[in-house]
Amino acid sequence: LEDGTDHSNRPLIHLTPDKGWMNDPNGLWYDAKDELWHAYYQYYPEVAHWGRPLAWGHSVSSDLTIWNDTGVAIRPHRNDSGAYSGSMVIDYNNTSGFFNGSVDPRQRVIAMWTFDSPGSETQHISYSVDGGYTFIDYEQNPVLDINESNFRDPKVTWHEETSKWIVTIAHSQKFEILIYSSPDMKDWTLESSFSHSGFLAFQYECPGLVKVPVVKASNNDYVPANLTYPNSTTYNSSYFNTTFSQGDELEEAWVMFLSVNPGGPLGGSVNEYFIGDFNGTHFTPFTPQTRFVDFGKDFYAFQTFFNTPNGKDVIGLAWASNWQYCEAVPTRSWRSSMSIARNFTIQEYAPNPESVELNLNSMPVYDRESLIANQSRITTHNRTLEKNSAIHLNLSNNGTGVFDFNLTWSLNSSVYTNSDVAEFSLYLIGSDNSEEYLRIGYEGNSGAFFLDRGHSDVDFVSRNPFFTDKLSTYLEPYETLENGLNSYKVYGIVDRNLIELFFNDGSEAMTNLFFFSDGNYINEVDIRTSIDHCYNIEELSIQQLGI
Ligand code: FRU
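Everything quoted here is computed from the prediction, not taken from an experiment. Throughout, a residue's number is its position along its own chain's written sequence, starting from 1. Given that the model is predicted, a residue must reach a pLDDT of at least 70 before its local features are reported, and side-chain atom pairs must reach 80 or more before they are shown or counted; all residues, however, enter totals for whole chains, interfaces and linings. Only heavy atoms go into the side-chain values, all of them from the structure, while hydrogens and water stay out.

Undergrad: Before we go on, may I ask you to explain the sheet that holds strand β2 (residues 36-44) in this structure?
TA: Pairing between sheet strands relies on hydrogen bonds along the backbone, with the strands arranged either parallel or antiparallel. Strand order in the open sheet made by the 5 strands is β4-β3-β2-β1-β22, with mixed pairing throughout. The two strands at the open ends of the sheet, each matched to only one other strand, are β4 (68-74) and β22 (334-335). Two strands are said to pair when DSSP picks up at least two bridges between them. Put simply, DSSP H or I for four residues or longer makes a helix, DSSP E for two residues or longer makes a strand, and each gets a number counted from the N terminus. Summarising the sheet, strand β3 (residues 55-61) and β4 pair through 5 bridges and their orientation is antiparallel. Across the sheet, the residue bridging to Trp56 is Ile74, located in β4.

Structure (structure tokens):
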């Protein structure tokens, strides 16, 4: 292998291709008959670089944890072209006429994707009669052609109230999300355009519209919350003429996802969202804010699964990379992984003491139980940190490079001044070479959680000008403890070259790649602080995971 980090850094519990190049997730759907999750993706199998002909690769998983690569599912009919991003639906009622009784209604899948050829982007559909492994192109493709070269990434959903298919497609460089409807996936009518919203960057990509349950904060049982709308002055804006009246109960809302690249605020790619209402033709956001799905550098082209086991959960995943450096990351035979799948809800949260906002909340979904057998776990609690005595924790020596952790801390803000850097850090240190470590922590004056992925001997990390090493995100307190101090929470998953952080039960997330030398898996954690008696570790547990 040309590069030492190739195989030892390949994630175990994230979707990666066996070989070749992968970008956006496509066509995500859940097969209720075989109880199988299907994920497709932008795929160039020949070498680990983006290239044409670009196909859809395919992987399946029974638990969103272990993925099996099943090879190419959809390919363009020309070598100078690409089967660009798109989505899949299950046509239970055979609205398309593609299916007969031999295909179980739960497996009647139709893909809608962009055929990109030199100078042109049009929308095609293909269907499968073998449960999503092979596809037949519709004879009368394209089903949508508006004579444009930047018109792509159809994400289809079913709109119950009007009994129609709805698709969102990026008219990328016009900053428009075009919304079309169809009775049969073949004939499409333009209904509206949601345009110039959010942070524009260079262009719009991969939009998506989905209905998301509204739940009470810290209640993950999907019990509809008793939120009334609008219930704080923040929502009283008549700017967008929302259809809700005072006192209406809000049980679900529509979320429009959008990816923009290049030119995101952290550099490169970024995923945005808007919370609002959709009436079957028009999407109306509740507020004019630009919001971000993830505050890390490696979360892009997010999409949701069509169908989930209980039919109402919203589960999705993203490509865990960034167009700024995705082709340069130090893996050779395969490139890129997906994020862990996440479950989405809308919850209220208080970004500051005077506002309550609706917020997209996400927590990871994977089969953690199956990964903890015979694996070691370390815990510590109620430890007040002191400057001169670091806490050392050792994971077992036969580490797999995969673990998760739960950390809750409290902050005593009376013991430092404005000019102090009042931080505590977890140093996540490599087993073979302790010069390689990830540093994560929190600083009181800035109110932010930080991550530093720059301590590595891997050339790419120090040389690549876009592989930003220090990242941070503002974090609101989780709760106030009996002693009057504010506490904060983070749940983290580390899988070889990927760290995903979920703050305060999912009110914020941060996904970032990192690279250490071959086989240098994290197996030691040091906790240090810059200020005496400022931080108390209420709880830290670290669980090694293995397959
Ligand atoms: C987003 C994207 C899509 C396009 C695909 C091509 O990452 O640029 O807009 O369909 O990748 O691979």
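Undergrad: Explain the packing of aromatic side chains to me, please; I cannot follow it from the model alone.
TA: Given two aromatic rings, their pairing is described by the distance between the two centres and the angle made by the two planes. Between rings of Phe, Tyr and Trp, where Trp is taken as its six-membered ring, a pair exists when centres lie within 6.5 Å; planes separated by under 30 degrees are stacked, by over 60 edge-to-face, and by other angles tilted. Applying the stated rule across the entire model yields 42 aromatic pairs. Taking 6.4 Å as the distance between ring centres and 80° as the angle between the ring planes, the aromatic pair formed by Phe98 and Phe99 counts as edge-to-face. In this scheme, a residue with accessible area under 20% of its type's maximum is buried, one over 50% is exposed, and one in between is partly exposed, where area comes from a 1.4 Å probe on protein chains only. Judged by relative accessible area, which is 6%, Phe99 ranks as buried. Ring centres 5.2 Å apart and planes at 65° place the aromatic pair Trp254 and Phe278 in the edge-to-face group. Residue Trp254 is found in strand β16 (residues 252-260), and its partner Phe278 is found in strand β17 (residues 270-278); the two are separated by 24 residues along the sequence. Residue classification places Trp254 among the buried residues on the basis of a relative accessible area of 7%. Look at Phe278 and you get buried, because its relative accessible area is 4%. The side chain of Arg453 reaches across the aromatic face of Phe467, ending 3.7 Å from its centre. Between the NZ or CZ atom of Arg528 and the centre of the ring of Tyr427, over which it lies, the distance is 5.9 Å. Counting as a charge over the ring demands two things of the Lys NZ or Arg CZ atom: a distance within 6 Å of the ring centre and an angle within 35 degrees of the ring normal.

Undergrad: Would you explain the environment of Met88 in this entry?
TA: Topologically, Met88 is positioned in strand β5 (residues 82-90). You can call Met88 buried: its relative accessible area is 0%. Residues Met88 and Asp367, spaced 279 residues apart in sequence, show a C-alpha to C-alpha distance of 24 Å. Among all residues touching Met88, those that are not within four sequence positions of it are Gly27, Leu28, Trp29, Tyr40, Trp56, Val109, Ile110, Ala111, Phe135 and Phe306. We call two residues in contact when some of their heavy atoms are within 4.5 Å.

Undergrad: Teacher, can you tell me more about the pairing of β3 here?
TA: A regular strand places its side chains on the two faces of the sheet in alternate fashion. With 7 of its 7 residues buried, β3 lies for the most part within the structure. The two faces of β3 match: Ala55, Gly57, Ser59 and Ser61 on one face and Trp56, His58 and Val60 on the other face are all buried. Both β2 and β3 contribute to a ladder of 7 bridges, which runs antiparallel. When the bridges of β3 are listed, His38 appears paired with Val60.

Undergrad: Would you mind showing me how to read the site of the ligand here?
TA: A cutoff of 4 Å decides nearness: a residue is near a molecule or strand if any of its heavy atoms lies inside that distance of it. Taken together, Asn23, Asp24, Gln42, Trp50, Leu54, Tyr84, Ser85, Arg152, Asp153, Glu205, Tyr300 and Trp323 make up the full set of residues adjacent to the ligand. Residues adjacent in sequence count toward polar contacts only when both atoms are side-chain atoms; beyond that, a polar contact is any pair of N or O atoms within 3.5 Å, and within protein one must be able to donate a hydrogen and the other to accept it. Taking Glu205, its side chain carries an N or O atom lying 2.8 Å from an oxygen atom of the ligand. Protein coverage of the free-state accessible area of the ligand, which is 320 Å², stands at 95%. Elements supplying a minimum of two residues to the shell around the ligand: β1 (20-31), β5 and β9 (151-159). Reported accessibility uses the Shrake-Rupley method at a 1.4 Å probe radius. Residues are deemed covered only where the shown protein chains occlude them.

Undergrad: Can you walk me through the sheet that holds strand β10 (residues 164-171) in this structure?
TA: The strand order across the open sheet formed by 4 strands is β9-β10-β11-β12, and the pairing between neighbours is antiparallel. One side of each edge strand has no neighbouring strand; the edge strands of this open sheet are β9 and β12 (189-195). Geometrically, the sheet is characterised by an average inter-axis angle of 25° between neighbouring strands, direction not taken into account. For β10 and strand β11 (residues 176-182), the ladder comprises 7 bridges, and the chain directions are antiparallel. Of the residues in β11, the one forming a bridge with Trp165 is Ser182. What counts as an axis is a line fitted to C-alpha atoms, over the stretch in contact for a helix, and the angles between N-to-C directions run from 0 to 180 degrees.

Undergrad: Can you walk me through the side chain of Ser192 in this structure?
TA: Summarising the element assignment, Ser192 is placed in strand β12. The exposure class of Ser192 is buried, given its relative accessible area of 10%. Of the polar contacts made by the side chain of Ser192, one reaches the backbone oxygen of Thr281; its length is 2.6 Å.

In short, shape yes, function no, at least from these values alone.
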